[in-house]
Amino acid sequence: MRSILQTLIIAGIFSLTAMNSGANSEIVIAIRYLQAQGASHSHLYLYREDGKLLRQLTTDNSGQDSGPIFAPDGATIVFTREKPKAIREFWSVDPLGKTLKRLDAAPDWYTQAKSSPYFTNMQPEETAPAAATSSPLESASPNPTPPSTYKSSDGSVELILREDPNDEDDQVNGPGHGKHYVLHDLKNGTETEFGKIAGFYGAFELLHDSQNKDEYFLFDGPLRIAFFDLHLNSTDGDTVFALDLSSPRFVRLSPNWATPIPLPGAAAFLTLTENRYVPIPGSKKTANCSYMEHCDEKLNKTRYAREKSAALCYGASMYRPDNDPHVITLRRSSD
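Just so we're clear, the structure is a prediction, and the values are computed from it rather than from any experiment. Residue positions are given per chain, counting from 1 as you read along its sequence in written order. pLDDT decides what is reported in this predicted model: residues at 70 or higher carry local features, side-chain atom pairs at 80 or more are listed and counted, and totals for whole chains, interfaces and linings draw on all residues regardless. The side-chain numbers reported here are obtained from all heavy atoms of the structure, hydrogens and water having been left aside.

A. Structural detail: the side chain of S40. Here S40 is to be found in the loop between β1 (26-33) and β2 (42-48). What qualifies as a polar contact is a pair of N or O atoms within 3.5 Å, subject to a donor-acceptor requirement within protein and to the restriction that residues adjacent in sequence count only when both atoms come from side chains. A distance of 2.9 Å separates the side chain of S40 from the side chain of R32, its partner in a polar contact. Residue contacts are counted whenever heavy atoms from the two residues lie within 4.5 Å of one another. Once residues lying within four places of it in the same chain are set aside, the contact partners of S40 are R32, Y33, L34, Q35 and Q64. Numbering of helices and strands starts at the N terminus; helices are DSSP runs of H or I of at least 4 residues and strands are runs of E of at least 2.

B. Inspection of the environment of S254 at higher detail. Topologically, S254 is positioned in the loop between β18 (249-252) and β19 (258-262). With relative accessibility at 2%, the residue S254 sits in the buried group. Residues within four places of S254 in sequence aside, it is in contact with T239, V240, T273, E274 and N275. Only 2.8 Å separates the side chain of S254 from the backbone oxygen of E274, close enough to count as a polar contact. Summary of the burial criterion: residues with accessible area below 20% of their type's maximum are buried, those above 50% are exposed, and those between are partly exposed, where the area comes from a 1.4 Å probe applied to protein chains only.

C. Up close: the nonpolar core. Definition used in this section: a nonpolar core is a set of buried Ala, Val, Leu, Ile, Met, Phe, Trp, Tyr and Cys residues joined via side-chain atoms within 4.5 Å. In this structure, I27, I29, Y47, L270, M292 and Y304 are the most contacted members of the largest nonpolar core, which totals 28 residues. Contributions of two or more residues to this core are made by β1, β2, β20 (269-279), β21 (286-295), β23 (311-319) and β24 (327-330). Beyond its immediate stretch of four places on either side in the chain, I27 contacts Y45, L46, Y47, L270, Y304, A316, S317 and M318. One finds F204, L206, F217 and L243 within the second-largest nonpolar core, a separate group that totals 22 residues.

D. Quick look at the sheet that holds strand β6 (residues 87-93). Spatially, four strands are ordered β4-β5-β6-β7 in an open sheet, and the strand pairing comes out antiparallel. Each edge of the open sheet is held by one strand with a lone partner, namely β4 (64-70) and β7 (101-103). Put simply, the sheet's adjacent strands are angled 35° from each other on average, direction ignored. Strand pairing is assigned whenever DSSP detects at least two bridges linking the two strands. Each axis is a line fitted through C-alpha atoms, and for a helix only the stretch in contact is used; angles between axes span 0 to 180 degrees, taken between their N-to-C directions.

Right, dumping it as structure tokens:
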């Protein structure tokens, strides 16, 4: 017979596992499901972090619900309702879908909230070069510039972005570029060219944190990632690969672009994922869509949306009572 002490220990382990797996975390997303006929509208949907839909929070079709943000204590969600003739209303609702009410004005914490840090290839305006960064690389010169190197803060790995001037793939941003980049393990001294790493298709630019342009790695517990962008073609645009430094291996985050959003204190991250030419159910039409997704430490992806849907994300916010910061937010540029 199991002792009371054993039972308490097992219960404690289960409780700790549930907490660490984000069982108490919830994410609210403004989703507009595109439909074959008639106007479609954006509503708020609340998900558990593991992808389970908890409930739809709004149903009004007079406008587009966007920009949801959890209050700092997680008790309410404030959002914007965009109506015709440039009318913008502010509303609040609790996570149970009750106490829906229109506000006279948005609270200060809502209007002042910004998107949480994310990984990007965009440079700050004050340092952005005048020329487009997606143009072909300059021709090799007699005195080539030394390769850029990036060392992780813990001193475990170094990325050496070395190019071969005699390799045509290395002269343009496209598939095959970056095969001569090097992953240098500083612990054992081994060097591995990217072209020999599982899942390699191409790597061009190393993404950096939007609020710290000198941070190029996402390390959190067992999660050890670097992100690279790559131009595909004029139809598919750009995409993003996660380089799992532990395996190592490359994992493509989306058929098109994906913006990684760290979840500090958790071995996981969110992505705003773009999918082009998604079929609209019940029609022969397609649309360029966007979705919120979750990647765990093994880079398994969970999508916060109906299966086989054509949808647009109009903003999202996650409340994490067991982690700091408690609120992770994605705001559209128009919010």
